[in-house]
Amino acid sequence: MCQTLAKRNRQNPFDYQYAENFSLEGETDAMLNNSYYFSAHDEKMSVFARLGKRVHSEETWFVIYIGGKVYSLQQEYFPVGASPIQVEKNGENWTVSYQGKLNETDEACLHATFVGKQKPIDFTSDMPAERMAAGIANEKWSKAFFGQLQNVSGQCHYEQEGVLEGQLTLNGKTTDFRLPCVRDHSFGKRDWNYMNNHLWMMAVSQNQQLNYSLVSYPVMTVLEVGHYRDETGLHFMLQADLDFQQINQGTIPHELAFRMKLDDSRTIPVEVKFLTGVTYHFQEGQYILHENIAEFRIDGKTCRGILEIGFNADKNRYFNQRELKKIRR
C-alpha cells in the first residue's frame, strides 16, 4: 500500500499555482468549500481568521487574544460577499482585513499582509505514504471501501508558514504587529457531517513550527499526519503516541502530552495547555468545532498556537466506536 500511494503521489504532484487561484465561480454544489485560514501568534498576542467560502454563504471566524482577553466575531455565517473579513491575493502574498464589532460592543479594524517564509506543504502529496497506509490498514478492504475513500481524498489541503504583519486598532488603540503565522488553504467538497471527530494542533514561532492532524471518518477510523520545522529544517511525522481516549470525550482537553517520531530519527516531546477558545457550529449543529488558543512546549521550547477539536453531534460516531488501543498507528 505504501508503494501504491507513493507512486500515486509522484504521478499527481501538487499544483500550487492552480490551488492558489482556485475559485468557486460558476459552481452550484453547496458542499464545495474554498477556505482561507490564518493563525498568528507570539507570547503577547494571538490572531486567527477564517473565511470559508461556499456557494450560498460564507463561514466566518475572527478572533483576537490580547491582554488576557478574547475578542471574537459573534456571527458565524454571512451571505456571499457580505463577510467583514476580506482575503485577497497580492502577488505572492495575501492580505487580510477586518472591520467591525467584536464581542458585543468592541470595535476592531485590522489590516495585515501574509508573507510566506517556507515552502507550502500539501497534506496529500508531501506526507509520508506510511501515514495514509496506516489508516487504510485499519479497515476491511473491498471494492466499496476503496470507492468510499474518494470522500476523504477529494479535498485539496495545504499550509504555509510565514509572517503576518500589519496594524490593529481595537477600541481606538492602535498596535503594529509582526507575528509568526501559518496560512491554511483548503478547497473541494467538504461535508462537515461526514466527519466523526478530529483534532488539529498547530504551534508556530520564529524558531519552530509544529503540526499534528488527526481525523476520523466513517470510511477511515483514524488518519494521522504531522510535521515539525526547527533550525535543522522540515521533518515529517512518522508516528505519534497521543492517547486517543483523551480526545474521545466530546469535550475540550485542557492538557495534552505526547511524543512525535520524526523522519530524521528523533522523537520529540510535545506538551499542550489550553488558554482560551471559541466554539463554532456547522450545518445546523451537525458538527461542533472548538477553536482554542494554546501554549505549547515542544522539545523544550515554548510557543503558542492552536488546539482545535471537533465532534459530530452523534456521539456514537466518535472513532466509529472502535476499540482505541487496537488501532494500528
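Criteria and cut-off values
- Residues numbered from 1 in each chain as written.
- Predicted model: local features only at pLDDT ≥ 70, side-chain atom pairs only at ≥ 80, totals over all residues.
- Heavy atoms only, no water.
- Patch = residues over 30% accessible without salt bridge, like charges linked within 9 Å, V, L, I, M, F, W, Y side chains within 5 Å.
- Areas by Shrake-Rupley, 256 points an atom, 1.4 Å probe, with all protein chains shown as cover.
- Salt bridge = Lys/Arg side-chain N within 4 Å of Asp/Glu carboxyl O.
- Helix = DSSP H or I, 4+ residues; strand = E, 2+ residues; numbered from the N terminus.
- 1 Å grid on protein atoms, 1.4 Å probe; cavity = no way out; pocket = protein on both sides within 12 Å on 5 of 7 lines; lining within 4 Å.
- Points joined across faces, edges and corners; volume = space filled by probe spheres on them.
- Nonpolar A, V, L, I, M, F, W, Y, C, P; charged D, E, K, R; others polar.
- Buried < 20%, exposed > 50% of the residue type's maximum accessible area, 1.4 Å probe, protein only.
- Pairing = 2+ DSSP bridges.
- Axes fitted to C-alpha atoms, helices over the stretch in contact; angles between N-to-C directions.
- Parallel < 35°, antiparallel > 145°, perpendicular 65-115°, else oblique.
- Left-handed = near helix turned anticlockwise from the far one by under 90°.
- Contact = heavy atoms within 4.5 Å.
- Polar contact = N/O pair within 3.5 Å; in protein donor to acceptor, adjacent residues only side chain to side chain.
- Phe/Tyr/Trp six-rings, centres within 6.5 Å; stacked < 30°, edge-to-face > 60°.
- Lys NZ or Arg CZ within 6 Å of the ring centre and 35° of its normal.
- Core = buried A, V, L, I, M, F, W, Y, C linked by side-chain atoms within 4.5 Å.

Another aspect to go through is a nonpolar patch on the surface. Taken together, Met-1, Trp-141 and Phe-146 make up a surface patch of nonpolar side chains, about 290 Å² in accessible area. For Trp-141, the location among the structural elements is in the loop between helix H3 (129–137) and helix H4 (143–148).

Attention shifts here to the layout of surface pockets. Taken as a whole, the second largest pocket encloses approximately 350 Å³ of empty space. Lining the second largest pocket are 19 residues, with His-41, Pro-180, Val-204, Ser-205 and Gln-206 positioned closest to its centre. Going through the elements one at a time, strand E10 (155–170), strand E11 (173–189) and strand E19 (301–312) are the ones with two or more residues in the lining of the second largest pocket. Class assignment of the residues belonging to the lining of the second largest pocket gives a composition of five nonpolar, six polar and eight charged.

Scanning all chains against the criterion turns up 12 salt bridges. A salt bridge links Glu-139 to Arg-322, with the nearest nitrogen and oxygen atoms 3.5 Å apart. Residue Glu-139 is located in the loop between H3 and H4, and its partner Arg-322 is located in the segment after E19; the two are separated by 183 residues in the primary sequence. Looking at Arg-322, the relative accessible area reads 30%, which means it is partly exposed. Put simply, Glu-323 and Lys-326 hold a salt bridge, and the shortest N to O gap is 3.5 Å. Each member of the pair Glu-323 and Lys-326 is classed as exposed. If you follow the salt bridges from partner to partner, you end up with Asp-230, Asp-264, Arg-266 and Asp-299 in one network.

Once that is clear, we can look at the sheet that holds strand E16 (residues 255–262). A barrel is described by the order of its strands in space; here eight strands give the closed sequence E12-E13-E14-E15-E16-E17-E18-E19, paired in antiparallel fashion. If you compare each strand with its neighbour and ignore which way they point, the axes differ by 30 degrees on average. As paired elements, strand E12 (residues 197–204) and strand E13 (residues 209–216) share eight bridges and run antiparallel to each other. Within E13, the position partnered with Leu-199 by the bridge is Leu-214.

Right, let's get into the packing of helix H1 (residues 2–11) against H3. H3 packs onto H1 with a crossing angle of 130 degrees between their chain directions and a minimal axis gap of 9 Å. Considering their axes alone, H1 and H3 lie oblique with respect to each other. As H1 packs across H3, the resulting crossing turns out to be right-handed. Each of Cys-2, Leu-5 and Ala-6 in H1 lies in contact with H3, whose residues at this interface are Ala-129, Glu-130, Met-132, Ala-133 and Ile-136. Among the residues making up the contact of H1 with H3, the classes are represented as seven nonpolar, no polar and one charged.

In the structure shown here, the tally under the stated rule is one cavity of 30 Å³ or more. Its boundaries defined by the atoms lining it, the largest cavity holds a volume of some 40 Å³. Together, Arg-131, Ala-134, Gly-135, Asn-138, Val-222, Leu-223, Glu-224, Arg-328 and Arg-329 line the largest cavity. Going through the elements one at a time, H3 and strand E14 (223–230) are the ones with two or more residues in the lining of the largest cavity. No other element matches H3, which puts three residues into the lining of the largest cavity. In terms of residue class, the lining of the largest cavity is built from three nonpolar, two polar and four charged.

Here the focus is the side chain of His-227. Position of His-227 relative to the elements: it lies in strand E14. Among the polar contacts listed, one links the side chain of His-227 to the side chain of Glu-159, at a separation of 3.0 Å.

Taken as a whole, this structure holds 23 aromatic pairs when the rule is applied. Note on Tyr-37 and Phe-48: the rings are 6.5 Å apart at their centroids and 25 degrees apart in plane angle, and the pair reads as stacked. One end of the pair, Tyr-37, is in strand E1 (residues 32–41); the other, Phe-48, is in strand E2 (residues 45–53), with 11 residues separating them in the sequence. Take Phe-48: its relative accessible area is 1%, and that puts it in the buried class. Taken together, the ring pairs in this structure connect Tyr-37, Phe-48, Trp-61, Trp-192, Trp-200, Tyr-280, Phe-282 and Tyr-287 into an aromatic cluster. Here the guanidinium or amino end of Arg-329 rests over the ring plane of Phe-244, the centre of that ring lying 3.9 Å away.

Turning our eyes to something else, we now look at the nonpolar core. Judged by nonpolar contacts, the single largest core of 32 residues is most densely connected at Phe-48, Val-219 and Tyr-280. Looking at which element gives the most residues to this core, the answer is H3, with four residues. If we skip the residues at most four places from it in the chain, Phe-48 touches Tyr-37, Phe-38, Ser-39, Trp-61, Phe-62, Val-63, Tyr-280, Glu-291, Ile-293 and Ile-306. Residues Leu-199, Leu-210, Leu-256 and Phe-311 belong to the second largest nonpolar core, which totals 31 residues.

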